[in-house]
Amino acid sequence: MKSTFNKQRLGSRFVKNFWRELEHDNLGLVATILLIVLFLFIFIGQLFVPSDIGTMSSVLDSNLPPLTNGHILGTTDSGADLLLTLIMAARNSLIIGFGVATLITLISVVFGMMIGYFGGWVDWLAMRIIDFWLVMPILMILAIIFSTAKGMSIWSLIVILSLMNWPANVRLVRTLTLSEVNRDYVEAGKISGTPWFKILFTGILPNISSTIISDYALTLAGSIGLETGLTFLGFGLKHGTSSIGSMLTVLSDSSASSIYTNWWLWLPVTLVLIIITFGIVVLGQVVRRAIDQRQSIS
């Protein structure tokens, strides 16, 4: 009962700290409102998106300007409604971003904490592997993989991006763990015979969670940007799967004059990308500060 009560107090304290941070952070408040509105719009809007919108083709309806024939934002070069395509594209990019960030964070928390806790030859071997992985040309390797596969599904892309981009996050968590392993509460746990996994996940993890949350937000924004860049270059998702990157390929396929005349084909997509990446990074910092306040008084 006491443990449940403490968890409830910590949870309510975090919520109070979070709202207090937003009251004093106008940028964080704006980012939070924009993200909530955008997420609700995507969540509700996807209910009206046809399943075949990524492969839809109608020459007569292509590149229609906004407010033409009932199309609020106009149509794409394939004739699909741009607003509905944007909703589906943003949803898929968010799924990829959250999937990659969550998988990388799980890998980094488990292995990074174990490496930092046990140290010795485990730490030496792991760091040599990480150093080797970090000097590899990841973008070139990804391009080779994707060009060979001729496009991938969303879930395959999540797995590959996660497996190729975990080392930096693991090294960060390992460094955070090293700063905690010699503290009194860890030594007391070892002396009392507390299992190592309990020391890691109930002792050390809560004390480094704020930095992990901040890193999660950066990884989330970076994953969306990476997918966008790869798809823009012609790699990544298979044909027919909409994403922010696939919608921005119009910039590479169009002439300089058509970019200005057909601004509706890229401007709304760019604004959505900016809102998502900007909002996630700023909101991550707000959450980190709220967690730091909760930890300092708990």
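Preceding this section is the structure that the text describes.
What counts as what
- Residues numbered from 1 in each chain as written.
- Predicted model: local features only at pLDDT ≥ 70, side-chain atom pairs only at ≥ 80, totals over all residues.
- Heavy atoms only, no water.
- Helix = DSSP H or I, 4+ residues; strand = E, 2+ residues; numbered from the N terminus.
- Buried < 20%, exposed > 50% of the residue type's maximum accessible area, 1.4 Å probe, protein only.
- Contact = heavy atoms within 4.5 Å.
- Areas by Shrake-Rupley, 256 points an atom, 1.4 Å probe, with all protein chains shown as cover.
- Expected span 1.5 Å × (residues − 1).
- Bend = angle between axes of the 7 residues up to and from the residue.
- Salt bridge = Lys/Arg side-chain N within 4 Å of Asp/Glu carboxyl O.
- Axes fitted to C-alpha atoms, helices over the stretch in contact; angles between N-to-C directions.
- Parallel < 35°, antiparallel > 145°, perpendicular 65-115°, else oblique.
- Left-handed = near helix turned anticlockwise from the far one by under 90°.
- Nonpolar A, V, L, I, M, F, W, Y, C, P; charged D, E, K, R; others polar.

A. Here's a closer look at the overall build of the protein. Per the secondary structure count, the protein includes 13 helices and zero strands. Ordering the α and β elements of the protein from the N terminus gives α-α-α-α-α-α-α-α-α-α-α-α-α. For the protein, buried positions account for 42% of its 298 residues. A separation of at least 24 residues holds for 74% of the contacts in the protein among residues at least 6 apart in sequence. In the structure as shown, the protein presents an accessible area of about 15,700 Å², 69% of it carried by carbon and sulfur atoms.

B. Layout of helix α9 (residues 196–232). The end-to-end C-alpha separation of α9 is 45 Å, well short of the 54 Å expected for 37 residues at 1.5 Å each. A bend of about 60° at Leu-205 is the largest found in α9, and the proline Pro-206 appears one to four places after it.

C. A look at the pattern of salt bridges. With the rule as written, the count across this model stands at six salt bridges. A salt bridge links Glu-21 to Arg-289, with the shortest nitrogen-to-oxygen separation between them at 2.8 Å. Remark: Arg-289 occurs in helix α13 (residues 267–297) and Glu-21 occurs in helix α1 (residues 2–24); sequence separation between them is 268 residues. Classification of Glu-21 as buried rests on a relative accessible area of 13%.

D. Seen up close, the packing of helix α2 (residues 26–45) against helix α3 (residues 82–118). Look at α2 against α3: their axes get within 9 Å of each other, and the N-to-C directions meet at 110°. If you check the angle between α2 and α3, you find them roughly perpendicular. Helix-helix and strand crossings are classified by hand; for α2 and α3 the assignment is left-handed. Residue-level contacts link Phe-39, Phe-41, Ile-42 and Gly-45 of α2 to Leu-83, Ile-87, Ala-90, Arg-91 and Leu-94 of α3. When its residues are assigned to classes, the contact of α2 with α3 shows seven nonpolar, one polar and one charged.

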